[in-house]
Amino acid sequence: MSPLRLLALSVSSGLAFAGAACASDDAPHAAERPGFAHEHSDLTADPRIQYGELDNGVRYAVMENDDPTGTLSIRLRIAAGSLSEADGDEGLAHYLEHMAFNGSENVPEGEMVKMLERLGLAFGADTNAHVSFDETVYKLNLPNTDDEVVDAAFMLMRETASNLTLAPDSIERERGVIVSEMRSRNTLGFRQQVANMAFFGEGSNLTDRLPIGTIESIEAARSEQFRDFYETHYHPERAFVVVVGDMPADAMVAHIEEAFGDWRIDREPAAIRRFAEPAELRPDATGQFVDPDSMSNVAFAVQRPFQTRPDTTATRLRSTRYAIANRILTQRFIELSQEPGSPLQRGSASRTVLQGAVELGVVNAGGAHEDRFAVLAIVEQEVRRALEHGFSQVELDRVLASERARLERRAEAADSVQTHARFGSMIDAIVSSYDNNRVRQHPVDQLDWFNAQQDTFTLPAIEAAFAELWAGHSDALVFISTNEEIEDLETRVAETLAQSRATPVEAPAADEAQVFAYTDFGAPGEIVEDVVLEDVGVRTVRFANNVRLNIKQTDYSEGQVQVYAQVGDGPLSLPVKDEGLRRLALNLLSRGGLEAHTSLEITDLHAGTGIGTRLFFDRDTDHIMLNGSASADRLEPLLNLLTAYTVAPGVREEAGERYKDRISAWYPTHDSGPIGVISREVPRLIRSGDPRYGFDDLDNFINADHETASRWLVDELTRGAIEIGVVGDIDPDTVITQVARTFGAVEERPLDRGAYPDMTALQFPAGASEPHVFRHSGEANQAVLRVYWPAPDGVDPQTRREMRALRSLLRARMVEEIRERSGAAYSPGAGYFSDAGFPGYGYIFVTLDITPETAPSVLADVEATTAALQAGDFDEDAFQRAMTPLLEDLETSTESNGYWMNVIADAQSAGDGLEAHRTREAGYRSITIGDLRALAAEVFDNEAAVRVLVLPETSAEAGGDDGAEEAR
């Protein structure tokens, strides 16, 4: 079978093997079109959501939500996905979704995206769609609720529902885009997921109905097939319209009725197919996925037939008990993976439903390839240990406390969930609940439900649920991902399991109770400066020990607070320019714990607090980031934890050794596709060989010296300058008191960061007419072309704004010329680097996923397009379509804690965040077409450009061009 036949659309939310492949947890079959899930459940629906149905069968849900203010989002869900396709129509549902942007009765081909851009919607971010096994969802995020914008959005959704033209010439033009998308999705990780699905879902039709389809069916698709699928599946009674935003609910309903109320279809609808055919149950089956670049993974699983269950208290109790048991087992794997010398590097347990085909209890675990059978034995023994000896009350209490804290945080922030967001959006959660036939509850009701069931989450109940999930574990299926074929796999697996099962397992050692060691940092710090910046609502404080504090009180996430401590000078102060050393130090920071506690102990000690932390520094940062979030009433333990890293970092050597084990397993996979090779080679290339960027051979990571890394890290953390940003729903006086007690009490720090002119001096390389060629070991039809142009640095905030606008213009032009006109690339990308910390250095670039043979023609198209931009060949309409989404984003983007943290994080030191905020709106609104023409004339000098081409190892030079520079 061709690899392309196995491709599916990764954004379809249908293929993440560890759980996202399910149609729902226990979803009832939707063929009979039951009512909304809450109409058949004892669970209470979120009262903020109004559900209804039009006379023609269109269902809807609307919800008023003013976060962010003045915005509105619309979703149109059609109950038709790849499972609804007939033989020979594979991929048609996804292809049809593409055609929604290619002409309708009232919108000519090529005009829909431009129309939306003129209204302030950014292509991709605000205008999108996805297809999965059982649904197609169209998405519009409106920047305002002006009548013109709202009316146009509903008109376009109705055009999509019933008025697509599906012209043969338009279908033909889009065919290349679809094939390009198929090619770009065909990654090693994706192929591995599909192989898992094929093995555990054998006998079902899942891998024959992946949303992206097959190359054969895509190349053969004709207009009459689209028309037939469209008219038999896009029916009013198959539609679910969701509207969420800053508009009265009755007005939303009126818009839905006006747009969709007269929708009628004469043809009989086709059958709704939500679930795959049942999988075969195959005890003791074994299988393997083989790829030279694959990381080792062992999947150990039990199967059972899938059963539909309504979303009720009983169903949720069942699934919650499974989840609790799996979290305890996963925690045990995490602990084992951090033991020195353990073959196990990672492991997790889950319950998975493969699109209704089969239900699985599964453990996925990994280590080095040579340890795969040792890992299998560990997994078998840990599952058996849990079955024979159960869990401890300490383990159960830890998981329950953690889950309760998560639900408490959601309940506290229930009224400040954003209408649309990349993660955690309200509107997409409503669509997902409907797709999964789940009751969408208010977060407060979810918390109340969990607390009401507390007495049922007993050790016997959790252990019984685990035993039920893992019934038949002695006949478990085993699927191994490996870099080379394992001969006589069935025999080797059987021998390993027989030997493992003959090994007695003992109950795990009892956990010893601990108390967090860092709560007293000395006398609270004295305030020497306290200023209120009235125009931005920010308060700045400096303590006698030179610790700086910047506070912004907000209500964007109710009851929540974020803390961002910038410590030391970051990697700018590393003793050598060495990426291996930086990564080792980073892992010592994130996994090395504290002097008194390992990282696992820290996690256990803070279970139930809802505290989350991220400890990090990148190549370009001039500080170490100690970032934390929590409920506002848990600011005290959050600050205790973050401050502890500045007085007693652990930097344990075993943490560094385990990191080296993990990177040894990962390193051979990095060149399995073009992007991994780009990550290795290109950052260094476009910085004229600076060794801090990209990475070297594996030895560079393995030979990184622990003593050097730990000495540098401890010195930075315990002696470096400290500036703290605090943003959230909290009283500033409370923040000052708590910071005085913690960071304000540590030993005196320098007031300012150091200067490192050698480390901040970057140089763009000389341009070259021929591409620098690198090689990847993945699919023979995959290549990536990138072109970089030197650009102004980011010292001036206004230049950064103009660069962002130019990037928007560049991407729009690439989409028009490369995607729409030639179909050579599915999703042309554009980006830029413009950082005030690196004076004299910046760039802008385009990136395109292509085939090797098209590289010369695509490069010529890129050069012609940017030459036209350099000549100022873009009109006022193109300029406005680039600018309008940026302008519309000005107000709503400020309504987040993340935005304000970027503004205030270094408000008292060298940062320009406050000044950039103050001048932001006027700066963007002042940009003219003349400004962009002048910037484009300066930037898009093709003689100064650096061209990068990543080709497969198996291909000849693209287009037979012997002049291309082989760079690896």
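Because the structure is a prediction, the values reported are computed rather than measured.

**Some points on the overall build of the chain**
Looking only at helices and strands, the chain features 29 helices and 24 strands. Expressed as lengths along the three principal axes of its C-alpha atoms, the size of the chain is roughly 80 × 75 × 65 Å. By the burial criterion, 60% of the 968 residues in the chain qualify as buried. Accessible surface for the chain amounts to roughly 36,100 Å². Of this, 48% is attributable to carbon and sulfur atoms. Within the chain, one finds 87 positive and 160 negative side-chain charges whose respective centroids are separated by 1 Å.

**Details of the packing of aromatic side chains**
In this structure the tally under the stated criterion is 32 aromatic pairs. With a centroid separation of 3.8 Å and an interplanar angle of 15°, the aromatic rings of Phe 240 and Tyr 434 are classed as stacked. Taken together, the residues Phe 240 in strand 6 (residues 239-245) and Tyr 434 in helix 12 (residues 426-435) connect sequence positions 194 residues apart. Through pairs of rings, three or more aromatic residues link up here, namely Tyr 788, Phe 833, Phe 838, Tyr 841, Tyr 843 and Phe 845. Against the face of Phe 833 rests Arg 687, its NZ or CZ located 5.4 Å from the ring centre.

**Comments concerning the packing of helix 1 (residues 92-99) against helix 4 (residues 168-185)**
Closest axis-to-axis distance for the helix 1/helix 4 pair is 10 Å, and the angle between their directions is 120°. Overall, the two elements helix 1 and helix 4 adopt an arrangement that is oblique. Note that helix 1 runs across helix 4; the crossing there is right-handed. Side by side, helix 1 and helix 4 meet where His 94, Tyr 95, His 98 and Met 99 of the first sit next to Ser 170, Ile 171, Glu 174, Arg 175, Val 177, Ile 178 and Glu 181 of the second. Here the residues of the contact of helix 1 with helix 4 sort into 5 nonpolar, 3 polar and 3 charged.

**Description of the environment of Gln 562**
With respect to the element layout, Gln 562 can be found in strand 15 (residues 560-567). Taking C-alpha positions, Gln 562 is 9.7 Å from Thr 613, a pair spaced 51 residues apart along the chain. For Gln 562, the contacting residues outside a window of four places in its chain are Gly 628, Ser 629, Gly 725, Val 726, Val 727, Asn 897 and Met 901.

**Brief notes about the sheet that holds strand 5 (residues 136-142)**
Pairing in this open sheet of 6 strands is mixed, and the strands run 1-2-6-3-5-4 from one edge to the other. Of all strands in the sheet, those bounded by a partner on one side alone are strand 1 (49-53) and strand 4 (127-131). Sheet twist, expressed as the mean angle between neighbouring strand axes with direction ignored, is 15°. The pairing of strand 3 (residues 72-78) with strand 6 spans 7 bridges and is antiparallel. Counterpart to Ser 73 in the pairing with strand 6 is Val 244. Lying over the sheet, helix 12 contacts strand 1, strand 2 (59-64), strand 3, strand 5 and strand 6, oriented at roughly 155° with respect to strand 6.

**Observations regarding helix 22 (residues 706-719)**
Taking 1.5 Å as the rise per residue, helix 22 with 14 residues should run 20 Å; its terminal C-alpha atoms sit 19 Å apart, in good agreement. Listed in full, the buried residues belonging to helix 22 are His 706, Ala 709, Ser 710, Trp 712, Leu 713, Glu 716 and Leu 717. On an axial view of helix 22, the arc spanned by its buried residues comes to 165°, and they lie on one face. Facing away from the buried surface of helix 22 by more than 90 degrees, the exposed residues are Glu 707 and Arg 719.

**Points about empty space enclosed by the protein**
According to the stated counting rule, one finds 3 cavities of 30 Å³ or more in the structure shown. The space that makes up the largest cavity amounts to roughly 80 Å³. Around the largest cavity, the lining residues are Ala 100, Phe 101, Met 112, Leu 116, Thr 127, Asn 128, Tyr 138, Lys 139, Leu 140, Leu 156, Met 157 and Thr 160. Taken together, the elements giving at least two residues each to the lining of the largest cavity come down to helix 2 (112-118), strand 4, strand 5 and helix 3 (147-162).

**Section: the pattern of salt bridges**
Under the criterion given, the structure shown has 62 salt bridges. A salt bridge links Asp 311 to Arg 316; its shortest N-O distance comes to 2.8 Å. For Asp 311, a relative accessible area of 6% translates into the label buried. What makes Arg 316 buried here is its relative accessible area of 7%. Two residues, Glu 359 and Arg 351, come together in a salt bridge whose shortest N-O distance is 2.8 Å. Where salt bridges share partners, they join Glu 111, Glu 117, Arg 118, Glu 816, Asp 877 and Arg 881 into one cluster.

**As for the side chain of Thr 482**
Here Thr 482 lies in strand 11 (residues 477-482). Within polar-contact distance, the side chain of Thr 482 engages the side chain of Arg 372 at 2.9 Å. Sequence-distant contacts of Thr 482, defined by excluding residues within four places in its chain, comprise Gln 288, Phe 289, Val 290, Asp 291, Ser 294, His 369 and Arg 372.

**What to know about the pairing of strand 1**
By the bridge criterion, 5 bridges tie strand 1 to strand 2 in an arrangement that is antiparallel. By the bridge assignment, Ile 49 is partnered in strand 2 with Met 63. Hairpin connection of strand 1 to strand 2: 5 residues between the antiparallel strands, including Gly 57 at a positive phi of 100°.

**Side note on the packing of helix 16 (residues 579-591) against helix 22**
Packed helices, taken two at a time, are described by their axes: the angle between them and the distance between them. Here helix 16 crosses helix 22 at 60°, and the two axes come no closer than 9 Å. In terms of their interaxial angle, helix 16 and helix 22 are classed as oblique. You can see that helix 16 and helix 22 cross each other, and the crossing is right-handed. When helix 16 is examined against helix 22, the residues Leu 581, Leu 584, Ala 585, Leu 588 and Leu 589 are found in contact with a partner set consisting of His 706, Thr 708, Ala 709, Ser 710, Trp 712, Leu 713 and Leu 717. Taken together, the residues that form the contact of helix 16 with helix 22 break down as 9 nonpolar, 3 polar and no charged.

**Topic: a negative patch on the surface**
The grouping of Asp 284, Asp 475, Glu 485, Glu 487, Asp 488, Glu 490 and Glu 495 at the surface amounts to a negative patch. You can see Glu 487 is positioned in the loop between strand 11 and helix 15 (489-501).

**Observations regarding the environment of Gly 367**
Its place among the elements puts Gly 367 in the loop between strand 10 (359-366) and helix 10 (372-389). Accessibility expressed as a relative area gives 2% for Gly 367, which makes it buried. In this structure Gly 367 touches Ser 296, Pro 343, Gln 345, Arg 346, Val 375 and Ala 665, once residues within four positions along its chain are discounted.

**Some remarks on the sheet that holds strand 11**
Taken together, 5 strands build an open sheet; the order of strands is 7-11-8-10-9 and the sheet is mixed. What marks the edges here is a single partner per strand, and that holds for strand 7 (286-290) and strand 9 (346-353). Within this sheet the neighbouring strands show an average axis-to-axis angle of 15°, counted without direction. Bridge analysis of strand 8 (residues 297-304) against strand 10 gives 7 bridges, and the strand direction is antiparallel. Among the inter-strand pairings, Ala 301 is bridged to a residue of strand 10, identified as Val 362. Running over the sheet, helix 9 (residues 313-337) touches strand 8, strand 9 and strand 10 and is turned about 165° from strand 9. Running at roughly 40° to strand 8, helix 10 makes contact with strand 8, strand 10 and strand 11 of the sheet.

**Details of the side chain of Ser 170**
Looking at the element boundaries, Ser 170 is found in helix 4. Residue classification places Ser 170 among the buried positions, given a relative accessible area of 1%. Not counting chain neighbours up to four residues away, the residues in contact with Ser 170 comprise Met 99, Asn 102 and Glu 109.

**As for the pairing of strand 12 (residues 527-533)**
Across 6 bridges, strand 12 lies against strand 13 (residues 538-543) in antiparallel orientation. Counted as the bridge partner of Val 531 is Thr 540 from strand 13. What sits between the antiparallel neighbours strand 12 and strand 13 is a turn of 4 residues, in which Gly 537 has the positive phi angle 65°.

**Some remarks on the confidence of the model for the chain**
Confidence in the prediction of the chain, expressed as mean pLDDT, is 92, and 95% of residues score 70 or more. Here residues 27-32 is a poorly scored stretch, pLDDT under 50, and it has 21 contacts once near neighbours within four places are set aside; other chains count. Every residue in residues 958-968 is under pLDDT 50, and counting partners more than four places away or in other chains gives 30 contacts.

Rules and cut-offs
- Residues numbered from 1 in each chain as written.
- Predicted model: local features only at pLDDT ≥ 70, side-chain atom pairs only at ≥ 80, totals over all residues.
- Heavy atoms only, no water.
- Helix = DSSP H or I, 4+ residues; strand = E, 2+ residues; numbered from the N terminus.
- Buried < 20%, exposed > 50% of the residue type's maximum accessible area, 1.4 Å probe, protein only.
- Areas by Shrake-Rupley, 256 points an atom, 1.4 Å probe, with all protein chains shown as cover.
- Lys, Arg positive; Asp, Glu negative; His and termini not counted.
- Charge placed at Lys NZ, Arg CZ, Asp CG, Glu CD.
- Phe/Tyr/Trp six-rings, centres within 6.5 Å; stacked < 30°, edge-to-face > 60°.
- Lys NZ or Arg CZ within 6 Å of the ring centre and 35° of its normal.
- Axes fitted to C-alpha atoms, helices over the stretch in contact; angles between N-to-C directions.
- Parallel < 35°, antiparallel > 145°, perpendicular 65-115°, else oblique.
- Left-handed = near helix turned anticlockwise from the far one by under 90°.
- Contact = heavy atoms within 4.5 Å.
- Nonpolar A, V, L, I, M, F, W, Y, C, P; charged D, E, K, R; others polar.
- Pairing = 2+ DSSP bridges.
- Expected span 1.5 Å × (residues − 1).
- Arc of directions from axis to C-beta.
- 1 Å grid on protein atoms, 1.4 Å probe; cavity = no way out; pocket = protein on both sides within 12 Å on 5 of 7 lines; lining within 4 Å.
- Points joined across faces, edges and corners; volume = space filled by probe spheres on them.
- Salt bridge = Lys/Arg side-chain N within 4 Å of Asp/Glu carboxyl O.
- Polar contact = N/O pair within 3.5 Å; in protein donor to acceptor, adjacent residues only side chain to side chain.
- Patch = residues over 30% accessible without salt bridge, like charges linked within 9 Å, V, L, I, M, F, W, Y side chains within 5 Å.
- pLDDT = per-residue confidence, 0-100.

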